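The lines below spell out each chain.
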Amino acid sequence: MLNIFSTSSVTTARVPCLMYDHTYRLGVAWENVGYNQPPHLGYYLPDATAARFTVEESGMNEAGDSLFITIHYVNCTTAAVSKVTRPDGTTATLTSAGFKLTKDATLCTLTIAGKPTDNGTWQFDLKAATPANGIATTETISVEVSGADGIMEMKNEKVKNEKCDDAIYDLQGRKVNSINMRGIYVKKGKKVVIK
């Protein structure tokens, strides 16, 4: 007999199959052969539901003067560009900087297109709307524009969780409110040892 458990609740979270994690798969195996310990994941599951952005395609059009960037988003309903930073350091909205945003909800992509007015590094701050794990996430896409050559380099900067900038985590990736025991903790991406 086969039991299938399902739900009618819609979710925007995409979680990989737990059996793909070797730590969990091993735990299931030892549970099934009599070692009575529940299986645990090798990673912190809420991190798997964090909103993420991936640059799928970028470049200049045939005339060599208009920039386009196509970004794929997961684990959020949509995304928006909160601000644009020009090469001279001034900030603007997407439309006032001369760019246009096109969204495709079916493919979970958004495309930024427009003509950069200056050479140098342009930064586009993306913000996830309704993230699956409830943590507001922003990410900065940096584009280096140099004259008629177009784009020299593009990179994604580290995802920043706005609610967790000063958060402290244990080695299992769990957020702790305060450090009251000896051990190793992570704060702002750095190791903290309490003896």
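Residues numbered from 1 in each chain as written. Predicted model: local features only at pLDDT ≥ 70, side-chain atom pairs only at ≥ 80, totals over all residues. Heavy atoms only, no water.

**Some details on a nonpolar patch on the surface**
Together, Leu171, Ile184 and Val193 line one region of the surface with nonpolar side chains, adding up to about 270 Å² of accessible area. The topology assignment puts Leu171 in the loop between strand 11 (168–169) and strand 12 (175–176). In this structure Leu171 comes out as exposed when scored by relative accessible area, which is 58%. (Patch = residues over 30% accessible without salt bridge, like charges linked within 9 Å, V, L, I, M, F, W, Y side chains within 5 Å. Areas by Shrake-Rupley, 256 points an atom, 1.4 Å probe, with all protein chains shown as cover. Salt bridge = Lys/Arg side-chain N within 4 Å of Asp/Glu carboxyl O. Helix = DSSP H or I, 4+ residues; strand = E, 2+ residues; numbered from the N terminus. Buried < 20%, exposed > 50% of the residue type's maximum accessible area, 1.4 Å probe, protein only.)

**Concerning the sheet that holds strand 14 (residues 190–194)**
Taken together, the 4 strands give an open sheet; going across it, the order is 12-11-13-14, and neighbouring strands pair in antiparallel fashion. Among the strands making up the open sheet, the edge pair consists of strand 12 and strand 14. Taken together, the 5 bridges between strand 13 (residues 183–187) and strand 14 define a ladder with antiparallel strand orientation. If you follow Val186 over to strand 14, its bridge partner there is Lys191. (Pairing = 2+ DSSP bridges.)

**Concerning the environment of Ile179**
Here Ile179 lies in the loop between strand 12 and strand 13. Separated by 13 residues in sequence, Ile179 and Val192 have C-alpha atoms that sit 10.0 Å apart. Setting aside anything within four residues of it in sequence, one finds Ile179 in contact with Ile168, Tyr185 and Ile194. (Contact = heavy atoms within 4.5 Å.)

**Observations concerning the packing of aromatic side chains**
Inspection of the entire model under this criterion finds 3 aromatic pairs. Aromatic side chains Trp30 and Tyr35 sit 5.8 Å apart centroid to centroid with 85° between the ring planes, which places their arrangement in the edge-to-face category. Note on Trp30: relative accessible area 29%, which makes it partly exposed. Between the aromatic rings of Phe99 and Phe124, the centroid separation amounts to 5.2 Å while the plane-to-plane angle is 90°, which identifies the pairing as edge-to-face. In this pair, Phe99 is assigned in strand 5 (residues 99–104) and Phe124 in strand 7 (residues 120–131), connecting sequence segments 25 residues apart. (Phe/Tyr/Trp six-rings, centres within 6.5 Å; stacked < 30°, edge-to-face > 60°.)

The quantities given are spatial measurements derived from coordinates; they are silent on function.
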